[in-house]
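Listed below are the residues making up each chain.
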Amino acid sequence: MNKQQTPLVDALAAYIDKNRLRQHMPGHKGEAAGWLAQFGALSAWDVTEADGLDDLHAPEGAIAEAAALLAQAVGARQAHLLVNGATVGIQAAILAACAPGETLLLPRNAHRAAWSALALGDISPLWLPVAMSDDGLPLGITPLQLDEALTADPQVKAVFLVYPSFYGVCVDMAGLLAVCRRHGVISIVDEAHGAHFPFISPQKSAVRLGADLVIDSWHKSMGSLGQTAVLLNNTDLQPERWLTLLQTSSPSYPLLASLDAARADWCAYTEERAQKIAADRKNLADTLRQTANLRLVGADDLPQCYNYDETKTLLYSVCGHSGWQIADVLREVGVEPEFADNRHVLFLLTYAGPEDERQRLAAALLAADKLLDELKPQQAVLPLQQMPLPDAKLRPFAAAHAPVEWLPMQQAVGRVAAGLITPYPPGIPWIGPGEVVSAGLVVRLAELLAAGGRVQGLRDNLLPVIIA
Ligand SMILES: Cc1ncc(COP(=O)(O)O)c(C=O)c1O
């Protein structure tokens, strides 16, 4: 097979061409009728495991070929196509690496998917605090920090690394993987936000740097449909045993085929796409230099051992406007950012976008800057330090099985949390099941809510705790 081929797209097209009278699921039978009319041709493509279309849970035809081509394109031994996001890839990788009771080392900015794997597999977490930059940007962990932690706890079975972060910060992956190898632990890299690395920055790709298991969320930056992602395996571990336990028995073929199509496009247009993204970033940087209020975070703003993924564009106001204020004025001028937090706003630069995107974005940023001139900065004074690691009383598995009550936040202090409490965005939990709610956490949550932040896991501002 060559990299221009799209076996899964072709198998699906061939099935549609047979024009069989569909007496199978999905129940719409491929008709673009009723509400499905607005999806047009997609209705016909929306099939699951029909005749000749292989089986996601035992692939040996078109799905296996599409996965092999993807693995080859990114330099991995094996690839698994995912229809439940990077989330299911993270879960399967962790469950394949750690048995119940074994220890997984994680940075505190791990995505909630890692927490769910801890709970599903009764795995013991060893958390590492994540450093913050001087202006409140979560950074990551360093090779030295990892080395010290692994030396202090030789029981650790696997290490989970986040790379790049949602904010675009890249840890020293080569250094961290070298430490993992030295200590003989399995490395799992959550590269959800870096699926483009193997194509436009191969020297940064976790697989090429020798990671054991890597999860890439293709829907985030590669152009495949929402929910699609890939789990890459360079080991003899068998994450597919877990994927088959965790993924749906009716995978959506448009989702799977979109991975095949996106991979072929990336193989064909790698150079053009890399140039387009670099030109987009330059355009943004040039425009922002003309504004009074807005600036771009780049590698130079980070401590030396961190790098930056230049497909992310992280803006902040030098005049002290909050990220939420910036996002509001951007919406007024017709731009929807990826996310905003207390201080920052994030844009994604991808291979896609309308032809006049650069001009429109430049005009909108200049207009937003004028609106910010008129707006009194309201940056909430949230502490810039990462929260201290909470005490843990139970493993996430035991906590997930315990009875729950919902308490006003103040009354929850000293009690054991029953769920994840996660500022969203960026979706990184502040506390998880089994950990003790501290007075400091409650103060921080109240400040965040008062400043306009959103928090997942609360219900009418009540916090879930375990009934002792
Ligand atoms: C760092 C990180 N890892 C994993 C995920 C999960 O990705 P998905 O939405 O594809 O399940 C996210 C989601 O935003 C994320 O930010």
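Every value quoted in this text rests on a predicted model; they were computed, and no experiment measured them.

Participant: How would you sum up the overall build of the protein chain? Please name residues and give values.
Facilitator: When helices and strands are tallied, the protein chain shows 16 helices and 17 strands. By the compact-globule yardstick of 23 Å for 468 residues, the protein chain fits well, its C-alpha radius of gyration being 23 Å. For the protein chain, buried positions account for 47% of its 468 residues. Long-range contacts, defined as pairs at least 24 residues apart, comprise 71% of the intrachain contacts of the protein chain with a sequence gap of at least 6.

Participant: Describe helix α7 (residues 173-183), and please don't skip the residues or the numbers.
Facilitator: Within the span of α7, buried status applies to Met173, Leu176, Leu177, Val179 and Cys180. Within α7, the buried residues cover an arc of 155° as seen down the axis, which keeps them to one side. Gly184 occupies a position one or two residues after α7 and carries a positive phi of about 65°.

Participant: Pulling in residues and values, what's your account of the sheet that holds strand β9 (residues 294-296)?
Facilitator: Across the sheet, which stays open at both edges, the 4 strands sit in the order β9-β11-β13-β12 with antiparallel pairing between neighbours. Strands with a single pairing partner mark the edges of an open sheet, and in this sheet they are β9 and β12 (339-340). Sheet topology places β12 next to strand β13 (residues 344-348); 2 bridges connect them, and they run antiparallel. Pairing of Phe339 across the sheet is with Leu346, part of β13. Against the sheet, helix α12 (residues 323-332) touches β11 (312-317), β12 and β13, its axis set at about 50° to β13.

Participant: Go over the site of the ligand, please, and point to the residues and values.
Facilitator: In the region of the ligand, 13 residues are neighbours, and Gly85, Ala86, Thr87, His111 and Ala192 sit closest. By residue number, the principal contributor to the shell around the ligand is helix α4 (residues 85-97), which donates 3 residues. Across the shell around the ligand, the residue classes break down as 6 nonpolar, 6 polar and 1 charged.

Participant: Report on the sheet that holds strand β6 (residues 186-190), specifying residues and quantitative values.
Facilitator: Reading across from one edge, β1-β8-β7-β6-β4-β2-β3 is the order of the 7 strands in this open sheet, with mixed pairing throughout. Across the chains shown, the open sheet's two edge strands, defined by having one partner strand only, are β1 (78-82) and β3 (124-128). Each strand axis lies, on average, 20° off the axis of its neighbour in the sheet, ignoring direction. Across the sheet, helix α3 (residues 62-74) lies against β1 and β8 (229-233), angled at about 120° from β1, the strand it touches most.

Participant: Any details on the domain arrangement of the protein chain? Residues and values, ideally.
Facilitator: Along its sequence, the protein chain is carved into domain 1 (56-267), domain 2 (270-373) and domain 3 (396-466). Relative to domain 3, the C-alpha centre of domain 1 lies at a distance of 26 Å. The interface is formed by 9 residues belonging to domain 1 together with 11 residues belonging to domain 3. Residues belonging to the side of domain 1 that touches domain 3 are distributed by class as follows: 5 nonpolar, 2 polar and 2 charged.

Participant: Describe the environment of Leu176, and please don't skip the residues or the numbers.
Facilitator: Position of Leu176 relative to the elements: it lies in helix α7. With 26 C-beta atoms packed within 10 Å, Leu176 lands in the buried category. Considering only alpha carbons, one finds Leu176 and Pro429, 253 residues apart in sequence, at a separation of 23 Å. Once residues within four sequence positions are removed from consideration, Leu176 is found in contact with Pro143, Leu146, Leu161 and Val171.

Participant: Lay out the environment of Ile421 in plain terms, naming residues and giving numbers.
Facilitator: Relative to the assigned elements, Ile421 resides in the loop between α15 (409-412) and β15 (422-423). Along the chain, Ile421 and Lys18 lie 403 residues apart, while their C-alpha atoms are 50 Å from each other. Once residues lying within four places of it in the same chain are set aside, the contact partners of Ile421 are Pro429, Trp430, Ile431, Val455, Gly457, Leu458 and Leu463.

Participant: Tell me about the nonpolar core, and please be specific about residues and values.
Facilitator: Among soluble globular proteins, nonpolar side chains are generally buried collectively. With 132 residues, the main nonpolar core has Ile94 and Phe160 as its most contacted residues. It is α4 that contributes the most residues to this core, 9 residues altogether. Each residue touching Ile94, except ones within four places of it in the same chain, is listed here: Leu104, Ala114, Ala117, Gly121, Ile123, Phe160 and Ile188.

Participant: Could you give me a rundown of the packing of helix α6 (residues 143-152) against α7, with the residues and numbers involved?
Facilitator: The N-to-C vectors of α6 and α7 enclose an angle of 20°; their axes lie 8 Å apart at closest approach. It follows from the interaxial angle that α6 and α7 lie roughly parallel. Every pair of crossing elements has a handedness; the one defined by α6 and α7 is right-handed. Along the contact surface, α6 presents Pro143, Leu146, Asp147 and Leu150, while α7 presents Gly175, Leu176, Ala178, Val179 and His183. Of the residues assigned to the contact of α6 with α7, the class counts are 6 nonpolar, 2 polar and 1 charged.

Participant: Describe the pairing of β8, with residues and values.
Facilitator: Most of β8 is tucked away, with 5 of its 5 residues classed as buried. Residues Ala229, Leu231 and Asn233 of β8 are buried on one face, and the alternating residues Val230 and Leu232, pointing to the opposite face, are buried as well. Looking at chain direction, β1 and β8 are connected through 5 bridges and run antiparallel. Looking at the pairing, Gln78 lines up with Asn233 of β8. The sheet contact formed by strand β7 (residues 213-216) and β8 spans 4 bridges and is antiparallel. Paired with Val214 across the strands is Leu232, a residue of β8.

Participant: Please give an account of the environment of Asp10 that cites residues and values.
Facilitator: Within the secondary structure, Asp10 sits in helix α1 (residues 7-17). Accessibility expressed as a C-beta count within 10 Å gives 15 for Asp10, which makes it partly exposed. When the C-alpha atoms of Asp10 and Leu53 are compared, they prove to be 9.9 Å apart, with 43 residues separating the residues in sequence.

Cut-offs applied
Residues numbered from 1 in each chain as written. Predicted model: local features only at pLDDT ≥ 70, side-chain atom pairs only at ≥ 80, totals over all residues. Helix = DSSP H or I, 4+ residues; strand = E, 2+ residues; numbered from the N terminus. Rg over C-alpha atoms; globule rule 2.2 N^0.38 Å. Buried ≥ 20, exposed ≤ 12 C-beta atoms within 10 Å, placed from the backbone. Contact = placed C-beta atoms within 7 Å. Arc of directions from axis to C-beta. Pairing = 2+ DSSP bridges. Axes fitted to C-alpha atoms, helices over the stretch in contact; angles between N-to-C directions. Near = placed C-beta within 6 Å. Nonpolar A, V, L, I, M, F, W, Y, C, P; charged D, E, K, R; others polar. Domains from an automatic or database assignment. Core = buried A, V, L, I, M, F, W, Y, C linked by C-beta atoms within 7 Å. Parallel < 35°, antiparallel > 145°, perpendicular 65-115°, else oblique. Left-handed = near helix turned anticlockwise from the far one by under 90°.

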